Amino acid sequence: MILAHLLHGLRCSGCGVLDVLWLDPVRGLIECRECGQTALTFPEIEKEDS
């Protein structure tokens, strides 16, 4: 079971390195494996059509 996914083609805003961002969907966290910077993600909640 893969707990984190590499985000290909994205660059870290902190250190500028390409392809070092990992998404942990369970915790809603993105982490840079190069500099350690983290960011929280929030899922988009779709409105139900009525």
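Please refer to the structure placed before this passage.
Reading the values: rules and limits
- Residues numbered from 1 in each chain as written.
- Predicted model: local features only at pLDDT ≥ 70, side-chain atom pairs only at ≥ 80, totals over all residues.
- Heavy atoms only, no water.
- Helix = DSSP H or I, 4+ residues; strand = E, 2+ residues; numbered from the N terminus.
- Rg over C-alpha atoms; globule rule 2.2 N^0.38 Å.
- Buried < 20%, exposed > 50% of the residue type's maximum accessible area, 1.4 Å probe, protein only.
- Contact = heavy atoms within 4.5 Å.
- Areas by Shrake-Rupley, 256 points an atom, 1.4 Å probe, with all protein chains shown as cover.
- Lys, Arg positive; Asp, Glu negative; His and termini not counted.
- Charge placed at Lys NZ, Arg CZ, Asp CG, Glu CD.
- Pairing = 2+ DSSP bridges.
- Core = buried A, V, L, I, M, F, W, Y, C linked by side-chain atoms within 4.5 Å.

Student: Can you break down the overall build of the protein residue by residue, with the values?
Tutor: When helices and strands are counted, the protein shows zero helices and four strands. Secondary structure elements of the protein, listed N to C terminal, follow the sequence β-β-β-β. Taking 10 Å as the expected radius of gyration for a compact globule of 50 residues, we find that the protein reaches 13 Å, considerably beyond that expectation. Each principal axis of the C-alpha distribution contributes one length, and for the protein these read about 45 × 25 × 15 Å. Here the protein holds 50 residues, and the buried ones make up 16% of them. A fraction of 5% describes how many contacts in the protein between residues 6 or more apart in sequence connect residues 24 or more apart. Only carbon and sulfur atoms are counted for the fraction: they give 55% of the accessible area of the protein, which is about 4400 Å². For the protein, the distance from the average site of its 4 positive side-chain charges to the average site of its 8 negative ones is 7 Å.

Student: Quick one: what's the story with the sheet that holds strand 3 (residues 29-32), residue by residue and with numbers?
Tutor: What the four strands build is an open sheet, ordered 1-2-3-4; its pairing is antiparallel. Taken across any chain shown, the strands that pair with only one partner, and hence form the sheet edges, are strand 1 (5-6) and strand 4 (38-40). In this structure, strand 3 lies alongside strand 4, joined through three bridges in antiparallel fashion. What sits directly across from Glu31, in strand 4, is Thr38.

Student: Which residues make up the nonpolar core, and what values go with them?
Tutor: A general trend in soluble globular proteins is that nonpolar side chains are found buried together. Ranked by size, the top nonpolar core spans five residues in total: Leu7, Cys12, Val20, Leu21 and Cys32. In this structure, Leu7 is in contact with Asp19, Leu21, Leu23 and Ile30, ignoring residues within four places of it in sequence.

Student: An account of the pairing of strand 2 (residues 21-24) is requested, with residue identities and associated values reported.
Tutor: Strand direction decides the pairing type here: strand 1 and strand 2, joined by two bridges, are antiparallel. Bridging across to strand 2, His5 finds its partner in Leu23. Judged from the four bridges that link them, strand 2 and strand 3 form a sheet pairing that is antiparallel. Along strand 3, the bridge assignment pairs Trp22 with Glu31.

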